[in-house]
Amino acid sequence: DAGVTQSPTHLIKTRGQHVTLRCSPISGHKSVSWYQQVLGQGPQFIFQYYEKEERGRGNFPDRFSARQFPNYSSELNVNALLLGDSALYLCASSLRRGGSYEQYFGPGTRLTVT
Amino acid sequence: RKEVEQDPGPFNVPEGATVAFNCTYSNSASQSFFWYRQDCRKEPKLLMSVYSSGNEDGRFTAQLNRASQYISLLIRDSKLSDSATYLCVVNNNAGNMLTFGGGTRLMVKP
């Protein structure tokens with residue numbers, strides 16, 4: 001079975017530009033979460049979507065937005081990019097919305113803002 | 001104070017050694033606990049969930065102490081392939097928000 005997939009794998013953007021990152025969850029998983037991992041730190045939660053609705057949002061500015069599609073894939077959008085947005089963006093999928101469940105991560109998109 | 005705290009290491013150990021990592025969390029309402037492993041420039045991979053009764057998977061043993069808000073991971077008979085960063089992870093609510101520690105780096109030497 002295919003795991004979580006993300007595209008693109010790498011991306012270079014200039015300050016002020018906009019970026020869209022994509023994620024396809026494991027087949028049958030209805031929940032998708034997005035995380036940002038800056039070099040040398042653990043991942044930080046950005047958003048969680050379940051059944052196309054936002055169920056959680058981390059401490060990120062409004063420049064960050066996301067959505068989930070009927071096939072449970074998801075997009076993360078970041079506007080007005082800053083140098084500090086350079087990071088590995090990770091998508092994770094899980095089977096249940098709540099309770100003790102496990103999240104599985106995709107390979108990530110490495111974003112560099114110059 | 002960070003919600004999940006880990007010693008960043010690195011822990012340098014010889015092959016065959018036993019090594020233990022500790023982690024503390026600040027939110028007493030935390031519900032689920034995990035250890036993830038992350039190799040350099042790769043995504044985190046789930047190593048094991050941590051249950052109140054403690055659990056073991058081969059050479060790996062995880063313990064949870066809710067009273068002290070403390071989680072541990074023990075690796076026995078370390079292999080070169082165990083070299084990685086180990087992330088302590090806590091789920092604080094009924095949703096999908098995982099809170100990660102900064103990770104502990106392990107380097108196993110021949």
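Preceding this paragraph is the structure being described.
These numbers were taken from a predicted model, which means no experiment stands behind them.

Parameters and conventions
Residues numbered from 1 in each chain as written. Chains lettered and ligands numbered in written order. Predicted model: local features only at pLDDT ≥ 70, side-chain atom pairs only at ≥ 80, totals over all residues. Heavy atoms only, no water. Phe/Tyr/Trp six-rings, centres within 6.5 Å; stacked < 30°, edge-to-face > 60°. Buried < 20%, exposed > 50% of the residue type's maximum accessible area, 1.4 Å probe, protein only. Contact = heavy atoms within 4.5 Å. Salt bridge = Lys/Arg side-chain N within 4 Å of Asp/Glu carboxyl O. Polar contact = N/O pair within 3.5 Å; in protein donor to acceptor, adjacent residues only side chain to side chain. Helix = DSSP H or I, 4+ residues; strand = E, 2+ residues; numbered from the N terminus. Nonpolar A, V, L, I, M, F, W, Y, C, P; charged D, E, K, R; others polar. Pairing = 2+ DSSP bridges. Axes fitted to C-alpha atoms, helices over the stretch in contact; angles between N-to-C directions.

Quick question: what am I supposed to make of the packing of aromatic side chains here?
Two aromatic rings, taken as a pair, are described by how far apart their centres are and by the angle between their planes. Counting across every chain of the model gives twelve aromatic pairs over all chains. Measuring from ring centre to ring centre gives 6.2 Å for Phe47 of chain A and Tyr49 of chain A, while their planes differ by 55 degrees; the resulting arrangement is tilted. The same class applies to Phe47 of chain A as to Tyr49 of chain A, namely buried. These aromatic residues form a ring-pair network of at least three members: Tyr35, Phe45 and Phe105 of chain A together with Phe34, Tyr36 and Phe100 of chain B.

Explanation requested: the interface of chain B and chain A in the structure shown.
One frequently used descriptor of interface size is the decrease in accessible area upon assembly of the parts. With 21 residues of chain B at the contact, the number on the chain A side is 26 residues. Counting across the chain B and chain A interface gives zero salt bridges. At the junction of chain B and chain A, the tally comes to four residue pairs in polar contact (both at pLDDT 80 or more). Counting residues per element, the ones that place at least two in the side of chain B that touches chain A are strand S4 (32-38), strand S5 (44-50), strand S9 (84-91) and strand S10 (98-100) of chain B. Ranked by the residues each element gives to the side of chain B that touches chain A, the list is headed by S4 of chain B, at four residues. Of the residues belonging to the side of chain B that touches chain A, the class tally is ten nonpolar, eight polar and three charged.

It is not clear to me how the sheet that holds strand S3 (residues 19-25) of chain B should be interpreted in this structure. Could you clarify?
Paired through their backbone hydrogen bonds, the strands of a sheet run either parallel or antiparallel. All names here are of chain B. Taken together, five strands build an open sheet; the order of strands is S1-S3-S8-S7-S6 and the sheet is antiparallel. What marks the edges here is a single partner per strand, and that holds for strand S1 (4-6) and strand S6 (55-57). In this sheet, adjacent strand axes meet at a mean angle of 20 degrees when their direction is disregarded. Pairing of S6 with strand S7 (residues 60-65) involves three bridges; the strand directions are antiparallel. The residue bridging Glu56 from the neighbouring strand is Thr61, located in S7.

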